[in-house]
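Letter by letter, the chains look like this.
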Amino acid sequence: MRLYHASPVIVEHPDVLHSRENLDFGRGFYTTTMRDQAVNYAERFLRRGEDAYVNEYELDDDIGDFFIKAFPSYNEEWLDYVALCRKGHSSPNRYDAVSGGIANDRVFNTIDLYFAGFITKEEALDRLKYEKPNHQLCILNGQMLERHLRFVKAEKL
């Protein structure tokens, strides 16, 4: 599987330690199968006056005993998982990787209103059902990175 990661630097040897805490799927190495999504994210670095790279990787099709949790839509299970991770419960179910929708600006606004108690879970889910998920794959297990993810190249924007 071809994956992309936006960064202000070339990341030939990714790890899970340099991730920020309290992100959608916890502390891990975030990638996407959507090159355009990585380019759009990398442009944020350019707007801050930094260099911007789209790093490209290949993930093995056979990942052995590693377990990827997939969220195919913005549903209640996804919302509960993101809520736990954003509250600091990194990888609450001990998955090796998590795949699913990214909380972009519109989605984040809904989630923020829900977390703040301004809308109910049902209202949040009703709003989210109209959003088409982008894609992110967060690799939470460093051994999975080392064994199954290979750096291909980096493109400077």
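A few points on the structure. (Residues numbered from 1 in each chain as written. Predicted model: local features only at pLDDT ≥ 70, side-chain atom pairs only at ≥ 80, totals over all residues. Heavy atoms only, no water.)

Attention now goes to the environment of Leu137. Along the chain, the position of Leu137 falls in strand S6 (residues 136-139). Along the chain, Leu137 and Ser99 lie 38 residues apart, while their C-alpha atoms are 4.3 Å from each other. (Helix = DSSP H or I, 4+ residues; strand = E, 2+ residues; numbered from the N terminus.)

Strand order in the open sheet made by the 4 strands is S2-S6-S5-S4, with mixed pairing throughout. Every interior strand has two partners, whereas the edge strands, strand S2 (29-31) and strand S4 (68-70), have only one. Across this sheet, the average inter-strand angle for adjacent strands is 15°, counted without regard to direction. For strand S5 (residues 97-100) and S6, the ladder comprises 4 bridges, and the chain directions are antiparallel. (Pairing = 2+ DSSP bridges. Axes fitted to C-alpha atoms, helices over the stretch in contact; angles between N-to-C directions.)

Structurally, His148 is set in helix H5 (residues 142-148). The exposure class of His148 is buried, given its relative accessible area of 11%. Looking at His148, its side chain comes within polar contact range of the side chain of Asp60, at 2.9 Å. Polar contacts involving the side chain of His148 include one to the main-chain carbonyl oxygen of Asp62, which spans 3.5 Å. Other than its neighbours up to four places away in sequence, His148 contacts Glu58, Leu59, Asp60, Asp62, Ile63 and Phe66. (Buried < 20%, exposed > 50% of the residue type's maximum accessible area, 1.4 Å probe, protein only. Polar contact = N/O pair within 3.5 Å; in protein donor to acceptor, adjacent residues only side chain to side chain. Contact = heavy atoms within 4.5 Å.)

As a further point, take the state of the cysteines. Applying the stated criterion to the full structure yields 0 disulfides. Looking at Cys85, it has no disulfide partner, and the nearest cysteine sulfur is the one in Cys138, 8.1 Å off. The class of Cys85 is buried, set by a relative accessible area of 1%. (Disulfide = S-S within 2.5 Å.)

Now for the sheet that holds strand S3 (residues 53-59). With respect to topology, 3 strands assemble into an open sheet ordered S1-S3-S7, the strand pairing being antiparallel. The open sheet is flanked by strand S1 (2-7) and strand S7 (149-156), the only strands paired with a single partner. With direction set aside, neighbouring strand axes in the sheet form an average angle of 25°. In the sheet, S3 pairs with S7 via 7 bridges, with the strands oriented antiparallel.

The biggest cluster of nonpolar side chains holds 20 residues, and the ones touching the most others in it are Phe25, Trp78, Leu79, Tyr81 and Val98. Elements with a minimum of two residues in this core: helix H2 (76-86), helix H3 (105-115) and helix H4 (121-128). Counting residues per element, this core draws most heavily on H2, which supplies 5 residues. Once residues within four sequence positions are removed from consideration, Leu79 is found in contact with Ile111, Tyr114, Lys121, Ala124, Leu125 and Leu128. If you look at the next biggest cluster of nonpolar residues, it comprises 14 residues, including Val16, Ala97, Leu145 and Leu149. (Core = buried A, V, L, I, M, F, W, Y, C linked by side-chain atoms within 4.5 Å.)

Moving on, we get to H2. Of all the residues in H2, the buried ones are Trp78, Leu79, Tyr81, Val82, Ala83 and Cys85. Capping the start of H2, Asn75 holds a side-chain oxygen 3.2 Å from the backbone nitrogen of Glu77, two or three residues further along. Looking one or two residues beyond H2, the residue adopting positive phi is Gly88, at roughly 100°.

Looking now at the pairing of S3. For S3, a buried count of 6 out of 7 residues is recorded, marking the element as mostly surrounded by other parts of the structure. With 6 bridges joining them, S1 and S3 adopt antiparallel strand pairing. Bridge assignment links Arg2 to a residue of S3, and that residue is Glu58.

Our next topic: the packing of H2 against H4. Running from amino to carboxyl end, H2 crosses H4 at an angle of 115°, the nearest separation of the two axes being 10 Å. Between H2 and H4, the interaxial angle falls into the category roughly perpendicular. For H2 against H4, the interelement crossing comes out right-handed. Note on element contacts: H4 touches H2 through Lys121, Ala124, Leu125 and Leu128, opposite Glu76, Trp78, Leu79 and Asp80. (Parallel < 35°, antiparallel > 145°, perpendicular 65-115°, else oblique. Left-handed = near helix turned anticlockwise from the far one by under 90°.)

By themselves, these are just geometric observations and shouldn't be taken as functional.
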